[in-house]
Amino acid sequence: MTRSRQKPYSQKPRSWGRNFLAILVACSAAGAAHVNNDPLSIGGSPSARAASTSAPTMSIPPSPQMPSKIDGKTPHSEHDANIHDPQVLRGIWALKMVCSLMEKGSQAFEKVPDYTTNLFKQERVNGILADGQTIDTKIRHQPFSVYMKWLSGDRGRQVIYVDGQNDGNILVQPGGIKGRLTGVLALEPEGALALSDSRYPIQKAGLLALAKTILEHEKKDIERGTGFQCELRDDQMFEDRPCYLFTCVYDSPEINQRYRKAIIFVDKELSMPVCVKNYTWVRDANPETLDEESLVEFYAYTDMKISQKLADADFDQTNSDYKLRVKQ
């Protein structure tokens, strides 16, 4: 297995081991692991953390398919293919394994009180793929709280949400001149204005919600058991972090009306999805540019710092560091 320098998190949730694929492949003949993709997110903070405002880069292998030949022989099952390539798990086993990883990762991450991160977000809303946005983010789990500041896109926009406060509203100040004119606005999280350029309400922000949403969708795939080609690869990297790479391609819109393909990087230390790219169905698309034309969601979390002792002031519109124009 290739080893490389790993960017440290400030506090480590429990790590789940690097040899999951080999362990599962070795055990797959004896019995079944009973476990069980879609995504989302958001982010912000006016801190001086250096952040790239361009999309994270990553190496993504071709879409999964059953290998036609292994050692000159045609594999008769997913099990045969998995045994001959211990770095790649295919089919239902790949689906079960990635869900097992994220279930355990979610259980550990729920115990993390808070974290800061840079979020790259690109979404297709009302049929139009928006430009990517880099958002500096603070998230606290109890009470669920989010602070975001846009570093690109509507640069300077700030958003605050605290569960049970501000009459349940999001506090938003647009960037630039518009923000100086409007000051802080109170918007309903699931209202038309709040969702005018976002596919999900703010309650869906963050890694934990992302992992739970993916698991919710994949349980349905596990129950169905057919209609997709899945692959889980070991020894992958995302932003200098060792990861597993999970790819799932659906056979038809009848199997999954919303998504055609999903790509997920699962951080090995956290066992959490740190990068997700989802693709939808497109008619008459050029095969050479299919992914470019069908991208519907792209979320990536980088520069994460865990357990930063975030306080109420970090999610308060009167925080002098934020320089928000609060209406009296």
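For the structure itself, consult the block above.
Draft legend 1. Here's a closer look at the overall build of the chain. Scanning the chain from N- to C-terminus turns up six helices and 13 strands. Looking at the 328 residues of the chain, the share that counts as buried comes to 53%. Accessible surface computed for the chain: about 15,900 Å², of which carbon and sulfur atoms make up 49%.

Draft legend 2. Geometry of the nonpolar core. The biggest cluster of nonpolar side chains holds 54 residues, and the ones touching the most others in it are Phe-109, Ile-202, Leu-207, Leu-232, Phe-246 and Met-304. In terms of residue count, helix α3 (residues 92–109) provides more of this core than any other element does, ten residues in total. If you look at the next biggest cluster of nonpolar residues, it comprises twelve residues, including Ile-263, Phe-265, Val-274 and Ala-300.

Draft legend 3. Up close: the pairing of strand β4 (residues 133–140). When you tally the buried positions in β4, you get eight out of eight residues, the bulk of the element. Going residue by residue along β4, you find Gln-133, Ile-135, Thr-137 and Ile-139 tucked away on one face and Thr-134, Asp-136, Lys-138 and Arg-140 tucked away on the opposite face as well. As judged from the eight bridges shared by strand β2 (residues 114–125) and β4, these two strands associate in the antiparallel manner. In the strand pairing of β4, Leu-119 is matched with Ile-135. Examined bridge by bridge, β4 and strand β5 (residues 145–150) share six bridges and lie antiparallel to one another. Bridge pairing in β5 places Ile-135 opposite Trp-150. Turn length for the β4-β5 hairpin, with the two strands adjacent in sequence and antiparallel, is four residues.

Draft legend 4. Molecular detail of the side chain of Asn-169. The topology assignment puts Asn-169 in the loop between β6 (158–162) and β7 (170–173). The exposure class assigned to Asn-169 is buried, which follows from its relative accessible area of 16%. Not counting chain neighbours up to four residues away, the residues in contact with Asn-169 comprise Ile-160, Tyr-161, Ala-186, Leu-187, Glu-188 and Pro-189.

Draft legend 5. Region of interest: the state of the cysteines. Inspection of the entire model under this criterion finds zero disulfides. Among the cysteines around Cys-275, which has no disulfide bond, Cys-243 carries the closest sulfur, lying 8.5 Å off. Residue Cys-275 is classed as buried on the basis of its relative accessible area, which comes to 1%.

Draft legend 6. Up close: the pattern of salt bridges. Counted by the stated rule, this structure contains 17 salt bridges. Across the pair Arg-90 and Glu-231 runs a salt bridge, and its minimum N-O distance is 3.6 Å. In this pair, Arg-90 sits in strand β1 (residues 88–90) while Glu-231 sits in strand β9 (residues 228–238), placing the two residues 141 residues apart along the sequence. Of the charged contacts, one joins Asp-154 and Arg-157 as a salt bridge, the two residues approaching to 3.1 Å between their closest N and O atoms. A relative accessible area of 25% places Asp-154 in the partly exposed class. Judged by relative accessible area, Arg-157 falls into the buried class, the value being 14%. What you see here is one network of salt bridges that share partners, running through Arg-90, Glu-231 and Arg-233.

Calculation criteria
Residues numbered from 1 in each chain as written. Predicted model: local features only at pLDDT ≥ 70, side-chain atom pairs only at ≥ 80, totals over all residues. Heavy atoms only, no water. Helix = DSSP H or I, 4+ residues; strand = E, 2+ residues; numbered from the N terminus. Buried < 20%, exposed > 50% of the residue type's maximum accessible area, 1.4 Å probe, protein only. Areas by Shrake-Rupley, 256 points an atom, 1.4 Å probe, with all protein chains shown as cover. Core = buried A, V, L, I, M, F, W, Y, C linked by side-chain atoms within 4.5 Å. Pairing = 2+ DSSP bridges. Contact = heavy atoms within 4.5 Å. Disulfide = S-S within 2.5 Å. Salt bridge = Lys/Arg side-chain N within 4 Å of Asp/Glu carboxyl O.

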